[in-house]
Protein chains: 2
Amino acid sequence: MQSERLKRFREYMEKNNLKVTVVIDPENQYYFTNFYAVVYSRPIITLIFLDRVEMIVPELEKLHAQEESFAEKIYTYGEVPYFHNDAYTILKKILLDISGRIGIEENRMPLSLFRAIFQKFSVIDVAPYIEKMRMIKDDEEIKLIKKAAYLADIGVKNSIEFAKEDITELEIDAAGNHAILREAGLKFPNFRLSLFAMSPSGSQRTPLPHVFSTSRKLRKGDIIIHSRQVSLNGYRAECERTFFLRPLKKEHEEIFQVMIEAQKIAEKNVKDGIKAGEIDLIARKIIEENGYAQYFPHRTGHGVGLSVHEPPYIRFDSDTILRENMVITIEPGIYIPQVGGFRHSDTLIVRKNRGEILTNISRDLDYLAR
Amino acid sequence: MQSERLKRFREYMEKNNLKVTVVIDPENQYYFTNFYAVVYSRPIITLIFLDRVEMIVPELEKLHAQEESFAEKIYTYGEVPYFHNDAYTILKKILLDISGRIGIEENRMPLSLFRAIFQKFSVIDVAPYIEKMRMIKDDEEIKLIKKAAYLADIGVKNSIEFAKEDITELEIDAAGNHAILREAGLKFPNFRLSLFAMSPSGSQRTPLPHVFSTSRKLRKGDIIIHSRQVSLNGYRAECERTFFLRPLKKEHEEIFQVMIEAQKIAEKNVKDGIKAGEIDLIARKIIEENGYAQYFPHRTGHGVGLSVHEPPYIRFDSDTILRENMVITIEPGIYIPQVGGFRHSDTLIVRKNRGEILTNISRDLDYLAR
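What counts and how
- Residues numbered from 1 in each chain as written.
- Chains lettered and ligands numbered in written order.
- Predicted model: local features only at pLDDT ≥ 70, side-chain atom pairs only at ≥ 80, totals over all residues.
- Heavy atoms only, no water.
- Contact = heavy atoms within 4.5 Å.
- Buried area = accessible area lost by both parts, 1.4 Å probe.
- Salt bridge = Lys/Arg side-chain N within 4 Å of Asp/Glu carboxyl O.
- Helix = DSSP H or I, 4+ residues; strand = E, 2+ residues; numbered from the N terminus.
- Nonpolar A, V, L, I, M, F, W, Y, C, P; charged D, E, K, R; others polar.
- Pairing = 2+ DSSP bridges.
- Axes fitted to C-alpha atoms, helices over the stretch in contact; angles between N-to-C directions.
- Buried < 20%, exposed > 50% of the residue type's maximum accessible area, 1.4 Å probe, protein only.
- Least-squares fit on C-alpha atoms with pLDDT ≥ 70 in both.
- Lys, Arg positive; Asp, Glu negative; His and termini not counted.
- Expected span 1.5 Å × (residues − 1).
- Domains from an automatic or database assignment.
- Left-handed = near helix turned anticlockwise from the far one by under 90°.
- Core = buried A, V, L, I, M, F, W, Y, C linked by side-chain atoms within 4.5 Å.
- Polar contact = N/O pair within 3.5 Å; in protein donor to acceptor, adjacent residues only side chain to side chain.

By convention, interface size is frequently given as the accessible area that disappears when the constituent parts associate. On the chain A side, the residues contacting the 71 residues of chain B number 71 residues. Taken together, both faces of the contact between chain B and chain A bury some 6,200 Å²; the carbon and sulfur share is 64%. The tally of links between chain B and chain A comes to two salt bridges. Across the pair glutamate 106 of chain B and arginine 115 of chain A runs a salt bridge whose closest N-O atoms are separated by 2.5 Å. Elements represented by at least two residues in the side of chain B that touches chain A include exactly helix H3 (62–68), strand E5 (79–80), helix H5 (111–118), helix H8 (169–187), strand E9 (193–198) and helix H11 (276–289) of chain B. Among the residues forming the side of chain B that touches chain A, the class breakdown is 39 nonpolar, 17 polar and 15 charged.

Glancing now at the sheet that holds strand E3 (residues 53–58) of chain A. Residues and elements named next belong to chain A. Strand order in the open sheet formed by six strands is E4-E3-E2-E1-E7-E8, with mixed pairing between adjacent strands. On the outer flanks of this sheet lie strand E4 (73–77) and strand E8 (123–125), each paired with one strand and no other. For this sheet the average axis-to-axis angle between neighbouring strands, irrespective of direction, equals 25°. Where strand E1 (residues 18–23) meets strand E2 (residues 45–49), four bridges bridge the pair, whose relative direction is antiparallel. The partner of threonine 21 across the bridge, within E2, is isoleucine 48. Against the sheet, helix H4 (residues 87–96) engages E1, E2, E3, E4 and strand E7 (101–104), with an angle of about 15° to E2.

To continue, consider the pairing of strand E17 (residues 346–350) of chain B. Residues and elements named next belong to chain B. Among the five residues that make up E17, five are buried, leaving the element largely enclosed by the rest of the structure. Along E17, one buried face is formed by Asp346, Leu348 and Val350 and the opposite face, lined by Thr347 and Ile349, is buried too. Sheet topology note: the E17/strand E18 (residues 355–357) ladder contains three bridges and is antiparallel. The partner of leucine 348 across the bridge, within E18, is isoleucine 357. Linking E17 to E18, which pair antiparallel, is a turn of four residues.

What follows covers the relation of the copies chain B and chain A. With an RMSD of 0.0 Å, the fit of chain B onto chain A corresponds to turning through 180° and sliding 0.0 Å along the axis. Here the symmetry operator amounts to a two-fold rotation axis.

Before going further, it helps to spend a moment on the side chain of glutamate 61 of chain B. Within the secondary structure, glutamate 61 of chain B is located in the loop between strand E3 (53–58) and H3. Of the buried charged residues, glutamate 61 of chain B lacks a salt bridge, with arginine 42 of chain B as the closest side chain of opposite charge at 6.5 Å. Ignoring sequence-local partners within four residues, the contact set of glutamate 61 of chain B consists of His210 of chain A together with Phe35 and Ala37 of chain B.

Our focus in this paragraph is H8 of chain B. If you check H8 of chain B, its first and last C-alpha atoms are 27 Å apart, about what 19 residues at 1.5 Å a residue would give, namely 27 Å. H8 of chain B sits mainly inside the fold: 16 of its 19 residues count as buried.

Residue and element names in this part refer to chain A. Each domain of chain A was delimited in the assignment, giving domain 1 (2–133) and domain 2 (139–368). For domain 1 and domain 2, the distance between their C-alpha centroids amounts to 35 Å. Listed per partner, the contact involves seven residues of domain 1 and nine residues of domain 2. In total, domain 1 and domain 2 occlude about 670 Å² of area from one another, counting both sides; carbon and sulfur atoms represent 46% of this. Considering only the side of domain 1, the residues that lose the most area to domain 2 are Arg5, Glu27 and Tyr30, jointly responsible for 61% of the buried surface there. Applying the counting criterion to the domain 1 and domain 2 interface returns one salt bridge. Between glutamate 141 and arginine 5 there is a salt bridge; the shortest N-O distance is 3.9 Å.

What follows is about the pattern of salt bridges. Residue and element names in this part refer to chain B. For the structure shown, the criterion picks out 56 salt bridges over all chains. Here arginine 343 ties to glutamate 240 by a salt bridge, and the two come within 2.5 Å at their closest N and O atoms. Of this pair, arginine 343 sits in strand E16 (residues 340–343) while glutamate 240 sits in strand E11 (residues 235–244); the two residues are 103 residues apart in sequence, bridging distant segments of the chain. Accessibility expressed as a relative area gives 2% for arginine 343, which makes it buried.

Turning our eyes to something else, we now look at unusual backbone geometry. Here the residue pair arginine 246 of chain A and proline 247 of chain A is connected by a cis peptide bond, since its omega of 5° sits within 30 degrees of zero. Located in the positive-phi region is asparagine 233 of chain B, a residue other than glycine, with phi close to 45°. Tracing the backbone through its elements, the reader meets asparagine 233 of chain B in the loop between strand E10 (223–232) and E11.

Our focus in this paragraph is the packing of helix H1 (residues 2–15) of chain B against helix H6 (residues 127–135) of chain B. Residue and element names in this part refer to chain B. At a closest axis distance of 12 Å, the pairing of H1 and H6 adopts a crossing angle of 145°. Here H1 and H6 pass one another in a crossing that is right-handed. Of the residues in H6, those in contact with Arg5, Arg8, Phe9 and Tyr12 of H1 are Tyr129, Ile130 and Met133. Split into classes, the residues belonging to the contact of H1 with H6 amount to five nonpolar, no polar and two charged.

Ranked by size, the top nonpolar core spans 96 residues in total, and within it Phe9, Leu193, Leu322 and Ile334 of chain B carry the most contacts. Per-element accounting of this core gives the leading share, nine residues, to helix H7 (residues 139–162) of chain B. Those residues in contact with leucine 193 of chain B that sit more than four places away from it in its chain are Leu170 and Ser213 of chain A together with Leu151, Ile180, Leu181, Ala184, Ser231 and Leu232 of chain B. Membership of the second largest hydrophobic core comes to 93 residues, among which are Val126, Ile145, Ala149 and Phe342 of chain A.

Residue and element names in this part refer to chain A. Looking at where threonine 33 falls in the secondary structure, it is placed in helix H2 (residues 26–33). A polar contact of 3.1 Å, which involves the side chain of threonine 33, links it to the backbone nitrogen of phenylalanine 35. In contact with threonine 33, other than residues within four places in its own chain, are Gln2, Thr46, Val53, Met55, Glu68, Ser69 and Phe70.

Residues and elements named next belong to chain A. You can see lysine 92 is positioned in helix H4. Along the chain, lysine 92 and phenylalanine 118 lie 26 residues apart, while their C-alpha atoms are 8.9 Å from each other. Discounting chain neighbours no more than four positions away, the residues touching lysine 92 are Ala116 and Ile117.

Now the structure itself:
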């Protein structure tokens with residue numbers, strides 16, 4: 001599938017008269033070459049030419065890049081006495097021969113690198129085009145996202161069922177992580193996984209939509225938002241559930257039902273051809289009608305794929321038309337200071353007449369009040 | 001301690017005639033303000049003035065920023081119909097009144113942001129100065145790093161002791177993660193933790209210094225490099241051990257002993273006043289004398305703190321003088337394709353006459369061949 005992507009991207013390059021594109025964003029590099037390094041304190045650079053892909057990597061990544069990347073040529077730089085040079089010197093040398101326009105990602109290009117190398121060239125910003133390409137997932141990407149969603153469900157289920165009084169937020173996350181890893185070992189051997197979870201708990205922390213889990217211990221009557229992304233070979237799915245340790249407060253239950261209602265209606269409206277902004281307004285209307293307008297401070301969802309958040313954004317003012325094989329989350333939330341936060345998130349594939357929901361752990365209080 | 005940092009940074013600003021510094025690197029923002037968000041798909045910007053700190057955050061982070069940050073003023077931007085604007089418009093407005101130089105981090109400033117806002121100002125690059133400040137850790141930072149090292153040790157021990165035939169790389173990591181979370185809940189309640197581990201195994205994968213763990217299952221005779229960083233409230237410590245499932249191959253044992261020897265000698269030489277490059281050369285010499293020069297493709301270590309890798313780099317050509325309260329790793333490695341990779345990493349604080357080793361899990365074969 002990468003070859004198909006490269007073909008399309010090269011058509012765009014030809015149309016825009018680009019001799020080469022210098023890709024520095026790790027996700028975009030992976031998207032085109034299948035190579036993803038673990039750390040980036042040493043630069044890694046991909047050059048897409050019309051007839052080949054070249055890559056500059058640190059010597060210690062050479063074998064790794066040879067095994068995993070589709071690059072036709074790999075340059076390496078060393079940091080040891082008998083072999084030392086640096087990535088940017090190699091890049092400069094390669095670009096010396098270029099007479100013509102160069103594609104760069106302006107939102108990823110640090111000013112220092114631009115000044116050191118690209119200032120004297122004619123550049124154009126290719127980031128928006130790559131972003132657009134990445135919005136529509138191909139079959140291989142959808143297969144991975146489905147697997148990731150399957151694992152995310154297992155994680156959420158096990159995390160929720162492990163939670164009880166005196167267990168910490170971090171332990172909730174760990175229980176689900178462990179279940180995912182066990183399942184992945186059985187079902188998806190030799191895949192690369194990465195897990196992210198956060199489980200703010202209590203009336204102080206759940207109103208904060210994004211916080212890291214801490215070693216805070218759960219108490220009776222707590223509300224908890226368990227958020228989880230699983231990535232399988234880089235491709236992500238997200239599942240989030242709000243749940244409760246009994247006794248369940250009346251006020252919590254009421255707000256929870258409004259949130260559920262908003263999520264269900266938004267999910268029901270997902271399909272090819274609808275504006276992203278419209279979905280947001282549909283969810284927002286339910287929450288507003290119930291008097292919580294000012295407690296829903298974020299968009300209804302976002303695209304998901306190689307990035308945690310990526311376009312299309314399901315935001316009231318987005319004119320982006322949802323198209324088949326986009327993958328998005330739907331997650332309207334209500335956050336009331338000192339009371340609690342309420343949010344479920346599901347991952348959906350946009351299909352012709354509907355949204356195919358990939359994450360299926362129960363959304364209802366029967367299961368979620370424990 | 002942040003106030004001490006701000007004081008010093010403002011002295012630097014005054015000396016360089018800077019009216020304001022615009023900080024966009026998440027770690028640098030945390031360093032100065034104590035605020036760290038979970039995701040950055042919405043911009044977060046910190047402005048350091050001579051007399052105050054201001055912050056621009058998305059509305060959904062407002063409470064979070066109010067609770068955690070030291071900013072005297074917090075601007076928010078919204079993404080909902082009744083409150084929508086954007087971070088850069090707010091930033092532009094704030095900077096309108098600035099007549100004078102602005103500090104920016106040129107290695108973090110995307111070209112697109114520079115073009116949109118800073119191009120017409122006189123800017124200077126403050127990143128190198130912040131980098132230099134961050135190299136020397138204060139008491140609060142060292143306390144956190146020591147706690148992180150304590151937890152890293154627990155993780156490594158539990159991961160190694162969990163490993164056996166048919167267990168996957170990811171499960172090894174998970175076992176240590178779980179032990180860390182349990183211990184953190186008891187010893188360090190209400191801290192924010194994050195865990196990173198990788199455990200390449202076998203003669204194909206251990207020669208790759210940095211790869212994500214997979215669902216590959218361990219086999220008898222395997223070599224495994226278990227690498228682990230723990231961060232506690234953002235501050236990191238690293239511990240890595242190479243270990244074996246018996247039967248232990250003679251060749252593995254020989255190379256292992258060379259690696260151990262190089263690490264021990266390098267660690268013994270760490271102290272205030274020595275050049276970082278010298279430590280690298282000391283480790284390198286042992287490995288070269290034993291005929292493995294070309295199989296040690298990376299620096300001997302790196303600074304660690306808020307970043308996974310940060311200055312000082314323990315690299316042959318570094319003239320940086322190690323100073324008291326720098327925190328570094330020592331991790332010479334040998335990687336032979338088709339044979340195996342061999343690396344231990346410890347975290348050390350540079351002290352007046354020695355390196356204080358913070359990670360203490362056994363380095364020896366008695367323990368590590370299982």
